[in-house]
Amino acid sequence: MKVTTLLLSGLLTSTIVLANPYESEQEELASVIETGQKSSMLLLKTLGGNLKKHMKAGGPIAAAEFCMTNAFTLTDKVGNDLGEDVTVKRISLKERNPANRPATDEESTVLNTFQALQDNNILLPKYLVEQVNKDTYKYYKPLSINKGVCLKCHGDISKDKEVEAYIGENYPADKATGYKLNDLRGAIVVTIKK
Ligand code: HEC
């Protein structure tokens, strides 16, 4: 009888001890997802808003010039605004800027997985989360060619000789053309340190 009670209380204690880390893990994941969502939306809004503004003011060349000179700086700035524990970037399997190639095997795996899902008509998840190590997570958001305007510079760019020449000159190894509406273009990666 005594042994049973002991065992029982032992079990109870260990359940309680286990319950806490589990809960805090869930909480940590929830906060990672929230930061990922907020950060990727901020980047999209910043880049999208500026693209629209420059397209309207100066057409695709002005907009491409903006993308070329500012996409990186702006991405960095968004990262800075988010605090030193958060960084954002864009990656693609068919990149225009070589700096936007996936940097790790895991980043490639995520892009290949998104592409495989899309190729099989399976709706993409809103995000995926990678646990890099005990304190670091990566939040991935798929990016699609979701507006007609993207095709100006990522579709059949031979339709506009000026755009074609500009891209050819500035990105001699460009792979980011030939897309159609709704194609997967890449992903936003938000790296979050806890
Ligand atoms: C006016 C031309 C132009 C338009 C319109 C445009 N882009 Fe781009 N895009 C570029 C340029 C130039 C780069 C390379 C930027 C750099 O050097 O970082 C780029 C880079 C990217 C990248 C980073 C990966 C890579 O290939 O280097 C993504 C993702 C992307 N564009 C998605 C989009 C989407 C989605 C749209 C529509 C909402 C869009 N772009 C509209 C010119 C354009």
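In the block above lies the structure referred to throughout.
Keep in mind it's a predicted model, so treat the numbers as computed, not measured.

Colleague: Give a description of the packing of aromatic side chains that names residues and reports values.
Modeller: Going through the model one piece at a time under the given rule, you end up with one aromatic pair. Residues Tyr-127 and Tyr-139 carry aromatic rings whose centres are separated by 5.3 Å and whose planes lie at 20° to one another, so their mutual orientation is stacked. Of this pair, Tyr-127 sits in the loop between helix H2 (105-119) and strand E2 (128-131) while Tyr-139 sits in strand E3 (residues 136-144), and the two are twelve residues apart along the sequence. On the basis of relative accessibility, which here comes to 29%, the residue Tyr-127 falls in the partly exposed class. Of the residues examined, Tyr-139 reaches a relative accessible area of 2% and is grouped as buried. Lying across the ring of Tyr-179, Lys-94 places its NZ or CZ 4.4 Å from the centre.

Colleague: Can you tell me about the pattern of salt bridges, naming the residues and giving the values?
Modeller: Inspection of every chain in the model, using the stated rule, returns eight salt bridges. Residues Glu-107 and Lys-89 are paired through a salt bridge, measuring 3.0 Å at the closest nitrogen-oxygen approach. A residue pair is termed long-range when its members are at least 10 positions apart, and Glu-107 in helix H2 and Lys-89 in strand E1 (residues 86-91) qualify at 18 residues. A relative accessible area of 1% places Glu-107 in the buried class. A residue is classified by how much of its surface remains accessible, and Lys-89, at 27% relative accessible area, is partly exposed. One salt bridge in this structure joins Lys-134 and Asp-135, with 3.5 Å as the shortest N-O distance.

Colleague: An account of the environment of Leu-43 is needed here, citing residue identities and associated values.
Modeller: Within the fold, Leu-43 resides in helix H1 (residues 2-81). Residues Leu-43 and Asp-76 lie 33 residues apart in sequence; the distance between their C-alpha atoms is 9.6 Å. In contact with Leu-43, not counting residues within four places along its chain, are Thr-75, Val-78, Val-88, Arg-90 and Ile-188.

Colleague: Describe H2, naming the residues involved and giving the relevant values.
Modeller: An ideal rise of 1.5 Å per residue puts 21 Å on 15 residues; H2 measures up with 21 Å between its terminal C-alpha atoms. When H2 is considered as a whole, its buried residues turn out to be Glu-107, Val-110, Leu-111 and Phe-114. The buried residues of H2 all sit within an arc of 95° when viewed along its axis, so they share a single face. Of the residues in H2, the exposed ones pointing more than 90 degrees away from the buried face are Asp-105 and Asp-119. For H2, the secondary structure elements touched by its buried residues are E1, E2, E3 and strand E4 (184-193).

Colleague: Provide a residue-level description of the site of the ligand, including the pertinent values.
Modeller: Taken together, 21 residues sit near the ligand, with Asn-100, Cys-150, Cys-153, His-154 and Arg-185 positioned nearest. Contact distances for the ligand include 2.7 Å between an oxygen atom and a backbone N or O atom of Arg-96. Here an oxygen atom of the ligand and a side-chain polar atom of Tyr-171 are 2.7 Å apart. Taken atom by atom, the bulk of the ligand overlaps the largest pocket. If you list the elements that add at least two residues to the shell around the ligand, you get H1, E3 and helix H3 (150-154).

Colleague: Which residues make up the coordination of the iron atom of the ligand, and what are the values?
Modeller: Counting protein donors around the iron atom of the ligand gives one, His-154 (NE2), at 2.1 Å. Locating His-154 in the fold gives a position in helix H3.

Cut-offs applied
Residues numbered from 1 in each chain as written. Predicted model: local features only at pLDDT ≥ 70, side-chain atom pairs only at ≥ 80, totals over all residues. Heavy atoms only, no water. Phe/Tyr/Trp six-rings, centres within 6.5 Å; stacked < 30°, edge-to-face > 60°. Helix = DSSP H or I, 4+ residues; strand = E, 2+ residues; numbered from the N terminus. Buried < 20%, exposed > 50% of the residue type's maximum accessible area, 1.4 Å probe, protein only. Lys NZ or Arg CZ within 6 Å of the ring centre and 35° of its normal. Salt bridge = Lys/Arg side-chain N within 4 Å of Asp/Glu carboxyl O. Contact = heavy atoms within 4.5 Å. Expected span 1.5 Å × (residues − 1). Arc of directions from axis to C-beta. Near = heavy atom within 4 Å. Polar contact = N/O pair within 3.5 Å; in protein donor to acceptor, adjacent residues only side chain to side chain. 1 Å grid on protein atoms, 1.4 Å probe; cavity = no way out; pocket = protein on both sides within 12 Å on 5 of 7 lines; lining within 4 Å. Sits in = over half its atoms within 2 Å of the grid points. Donors = N, O, S within 2.8 Å, 3.2 Å for Na, K, Ca; no water.

Such coordinate-based values are descriptive only and should not be taken to indicate function.
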